Amino acid sequence: MNVDPESVPHVVIVGGGFAGIAAARGLRKSNVRVTLIDRNPYSTFQPLLYQVATSTLNPGDVTYFLRALRRRQSNLRVELGNVETMDHQAQTLTLDDGRVVNYDYLIIGTGVSANFFGIPGAQEHALPLYTRQEAIDVRDRINGLLDAATKRQGEKVRLLIVGGGPTGVETAGALAEMRQKDLPVVYPELNEESVEVMLVDMADQVLGAFSDSSSEYTAGELRRRGVNVVLSKSVKEVKADGVVLKSMGEDETEEWTPAAAVLWASGVTVPKAVSNWGVPQVRGGRIPVSDRLRVNDLPNVFAIGDIAAINDGALPQLAQPAKQTGAHVAKVIHGLVHGGDPGPFKYKDLGILATIGRADAVAEVTHLPKLKGFVAWAIWNVVHLATLLGGRNRISSMVNLGTKYLMWGRSHNLIVGDISDFSKNATEGPLSAARSMKRHHHK
Ligand SMILES: Cc1cc2nc3c(=O)[nH]c(=O)nc-3n(C[C@H](O)[C@H](O)[C@H](O)COP(=O)(O)OP(=O)(O)OC[C@H]3O[C@@H](n4cnc5c(N)ncnc54)[C@H](O)[C@@H]3O)c2cc1C
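From a predicted model like this one, the values you see are computed outputs, not experimental measurements.

> Explain the overall build of the chain to me, using residue names and the numbers behind them.
Within the chain one finds 10 helices and 25 strands. For 443 residues, the compact-globule formula gives about 22 Å, and the C-alpha radius of gyration of the chain, at 23 Å, lands near that figure. Summarising its shape, the C-alpha atoms of the chain cover approximately 70 × 55 × 50 Å along the three principal directions. Scored against the burial criterion, the 443 residues of the chain give a buried share of 52%. The long-range fraction of contacts in the chain, counting pairs at least 24 apart against all pairs at least 6 apart in sequence, stands at 65%. Accessible surface, the chain as shown: approximately 19700 Å² in total, 51% of it carbon and sulfur. In the chain, 48 side chains carry a positive charge and 46 a negative one; their mean positions are 7 Å apart.

> Describe the site of the ligand, with residues and values.
Near the ligand lie 28 residues; those nearest to it are Ala19, Asp38, Gln46, Asp306 and Ala319. Residue alanine 319 places a main-chain N or O atom 2.9 Å away from an oxygen atom belonging to the ligand. Burial of the ligand by the surrounding chains reaches 90%, relative to a free accessible area of 1000 Å². A breakdown of the residues in the shell around the ligand according to their chemical character gives 11 nonpolar, 14 polar and 3 charged.

> Report on the pattern of salt bridges, specifying residues and quantitative values.
The tally for this structure, following the rule as stated, stands at 17 salt bridges. Its salt-bridge partner being glutamate 196, residue arginine 158 comes within 3.2 Å of it at the nearest N-O pair. Of this pair, arginine 158 sits in strand 12 (residues 157–162) while glutamate 196 is found in strand 13 (residues 195–200), placing the two residues 38 residues apart along the sequence. The pair arginine 158 / glutamate 196 is uniform in exposure class, with both members buried. A salt bridge links glutamate 255 to lysine 233, with the shortest nitrogen-to-oxygen separation between them at 2.7 Å. Taken as a pair, glutamate 255 in strand 17 (residues 254–258) and lysine 233 in strand 15 (residues 233–239) lie far apart in primary sequence, 22 residues in all. One salt-bridge network, held together by shared partners, links Glu177, Arg225, Asp360 and Lys404.

> Would you mind going over the side chain of glutamine 51 in detail, with residue names and values included?
Tracing the backbone through its elements, the reader meets glutamine 51 in helix 2 (residues 49–53). When near neighbours in sequence (up to four residues on either side) are disregarded, glutamine 51 contacts Thr56, Leu57, Trp380, Leu401, Lys404 and Tyr405.

> A description of unusual backbone geometry should follow, citing residues and the corresponding values.
In this model, serine 55 sits at a positive phi of 70°, which is unusual for a non-glycine residue. Considering the arrangement of structural elements, one finds serine 55 in the loop between helix 2 and strand 4 (63–65). With relative accessibility at 2%, the residue serine 55 sits in the buried group. In this structure, aspartate 297 is a non-glycine residue whose phi angle is positive, near 70°. Here aspartate 297 is to be found in the loop between strand 20 (287–289) and strand 21 (301–303).

> Tell me about the nonpolar core, and please be specific about residues and values.
Counting residues in each nonpolar core, the largest one holds 60 residues, and the members touching the most others are Leu145, Leu146 and Val157. With 8 residues, the top contributor of residues to this core is helix 4 (residues 132–149). Once residues lying within four places of it in the same chain are set aside, the contact partners of leucine 146 are Val157, Met178, Leu183, Tyr187, Leu190 and Val195. Grouped together as the second largest cluster of nonpolar side chains are 52 residues, Val14, Ile21, Leu27 and Tyr105 included.

> Lay out empty space enclosed by the protein with the relevant residues and their values.
Applying the stated rule across the entire model yields 3 cavities of 30 Å³ or more. Of the pockets and cavities examined, the largest cavity occupies roughly 60 Å³. Arg286, Gly305, Ala308, Leu315 and Pro321 are, among the 13 residues lining the largest cavity, the residues nearest its centre. The set of elements that each furnish at least two residues to the lining of the largest cavity consists of strand 22 (308–310) and helix 7 (319–338). Of the residues forming the lining of the largest cavity, the biggest block, 3 residues, is contributed by strand 22.

> Could you give me a rundown of the sheet that holds strand 16 (residues 242–247), with the residues and numbers involved?
The 3 strands lie next to each other as 15-16-17, forming an open sheet whose pairing is antiparallel. Strand pairing shows two members of the sheet lacking a second neighbour, strand 15 and strand 17, which therefore form its edges. With direction set aside, neighbouring strand axes in the sheet form an average angle of 30°. Note: strand 15 against strand 16, 6 bridges, orientation antiparallel. Bridge pairing in strand 16 links glutamate 237 to valine 244.

> Now, about the sheet that holds strand 2 (residues 33–38): what can you tell me, with residues and values included?
With parallel pairing, the 5 strands of this open sheet are ordered in space as 5-2-1-9-21. For this open sheet the edge positions go to strand 5 (76–80) and strand 21, each flanked by a neighbour on one side alone. When the angles between neighbouring strand axes are averaged without regard to direction, this sheet yields 20°. Together, strand 1 (10–14), strand 2, strand 5 and strand 9 (105–108) form the strand contacts of helix 1 (residues 18–26), whose direction differs from that of strand 1 by roughly 160°. Sheet strands in contact with helix 7 are strand 1, strand 9 and strand 21, and its direction is about 175° off that of strand 9.

> Pulling in residues and values, what's your account of helix 9 (residues 391–406)?
Along an α-helix, residues three or four positions apart point the same way, because every turn accommodates 3.6 residues. With 16 residues, helix 9 should cover 22 Å at 1.5 Å per step; its first-to-last C-alpha distance of 21 Å lies within 8% of that length. Restricting attention to buried positions, one finds in helix 9 the residues Asn393, Ser396, Ser397, Asn400, Leu401, Gly402, Lys404 and Tyr405. On its buried side, helix 9 packs onto helix 2, strand 4, helix 5 (166–186) and helix 8 (374–387).

> Run through the side chain of aspartate 182, naming residues and quoting values.
Here aspartate 182 lies in helix 5. For the buried aspartate 182, no salt bridge exists, and the shortest N-O distance to an oppositely charged side chain is 6.2 Å, to lysine 404. There is a polar contact of 2.8 Å between the side chain of aspartate 182 and the side chain of histidine 412. For aspartate 182, the residues in contact, after removing those within four places along its chain, are Glu177, Tyr187, Ser411, His412 and Leu414.

Rules of the game
Residues numbered from 1 in each chain as written. Predicted model: local features only at pLDDT ≥ 70, side-chain atom pairs only at ≥ 80, totals over all residues. Heavy atoms only, no water. Helix = DSSP H or I, 4+ residues; strand = E, 2+ residues; numbered from the N terminus. Rg over C-alpha atoms; globule rule 2.2 N^0.38 Å. Buried < 20%, exposed > 50% of the residue type's maximum accessible area, 1.4 Å probe, protein only. Contact = heavy atoms within 4.5 Å. Areas by Shrake-Rupley, 256 points an atom, 1.4 Å probe, with all protein chains shown as cover. Lys, Arg positive; Asp, Glu negative; His and termini not counted. Charge placed at Lys NZ, Arg CZ, Asp CG, Glu CD. Near = heavy atom within 4 Å. Polar contact = N/O pair within 3.5 Å; in protein donor to acceptor, adjacent residues only side chain to side chain. Nonpolar A, V, L, I, M, F, W, Y, C, P; charged D, E, K, R; others polar. Salt bridge = Lys/Arg side-chain N within 4 Å of Asp/Glu carboxyl O. Core = buried A, V, L, I, M, F, W, Y, C linked by side-chain atoms within 4.5 Å. 1 Å grid on protein atoms, 1.4 Å probe; cavity = no way out; pocket = protein on both sides within 12 Å on 5 of 7 lines; lining within 4 Å. Points joined across faces, edges and corners; volume = space filled by probe spheres on them. Pairing = 2+ DSSP bridges. Axes fitted to C-alpha atoms, helices over the stretch in contact; angles between N-to-C directions. Expected span 1.5 Å × (residues − 1).

Structure, rendered in structure tokens:
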């Protein structure tokens, strides 16, 4: 609907992820003007980022241009900017370029980022997998590393993934497939023994949020696919060429574990910058909100998605809670503007999924028996393709995933980037894809 910009309330949404987009869409028919601010021009579909990192999907397949949301919503403006500070007395935000934005209602949906738990060297050397750029970096560094390894005789390349949650499992599974199916064809200089995929978790099982039977099945399937699954060991320190692992048992022994790449998938936290936003924070830095998603003590400020803690109870940091809280906050604000109250937020748990590789996944879908293997994998594919934003993204992802899984063992056309820098780097000194290693930009 067209609105007179001066006369209607201004709703500012910070963060164009699952939560922020759901909130914006929910306000489509409200008599408000909506400004969606994100530091990127796109929204990232994080559940498929690991496919970018493992050379199957293009970065553009999993990102959606935020301004394209305008097509069906004329009361929406999209602005590029990084929110730095907030003043809730003055009802303003300040962006990194100095612009000041006024709001009548503010919705914070800025999500979370990688948690390095203060482990020495982790932030400096490990490769996180949270953003589009990080996924591209992982992809290029791994391909650069493999290329460099072809020039070294008999040196073992260990790709070590820290964290056995869905992201770690999915990444390990995809790298194991690359090792088994693609390497013999595209890197004949390397053999299966010279490349190892290792998955480490401090717990005694992978996929802690799933049932024991799904966790055991997943660990077994990863091992069958050649992944070295190491449980009950925690990472004490990360260096450019490996990690120190410590046993969780009574002996607490420490061992140096060389690794050419350390991928970080071990958890999330709220970024430090949020402490400048004048909002309360609870465990994990999350912002406490009421059952109407209103930030405690700030009547016009709301928080949704991964960053919010509802009634001090934390919902899982997943796409569904983000979408549902976004849709609900839109109803709350619509009610404040037009009269009415949608009632408290109630989370509808649809279940959890994790894929292990081709034709293999675990699915714990609400009201269905626990599923494993092909059926779970089929559900995983349908859910992920259906929930991608935008027709182009859906079609391009379907084509790229289809090329990998339907032409199984016949197409080895991995999506690669500019790897020569990393390849060159890795031939000097230790074989390493660490973040600390510089990328030499071509002029
Ligand atoms: C690798 C990975 C795999 C995942 N897989 C799954 C899965 O399979 N299933 C599932 O349900 N969930 C999965 N998740 C979790 C899911 O992606 C999140 O729960 C969900 O994205 C949270 O949505 P959100 O809108 O709260 O935050 P986000 O999606 O993180 O969006 C936050 C937005 O805010 C922007 N932003 C941040 N700070 C600022 C700032 N200061 N100024 C301006 N803009 C800012 C960011 O650019 C981003 O666009 C995965 C997450 C990751 C990282």
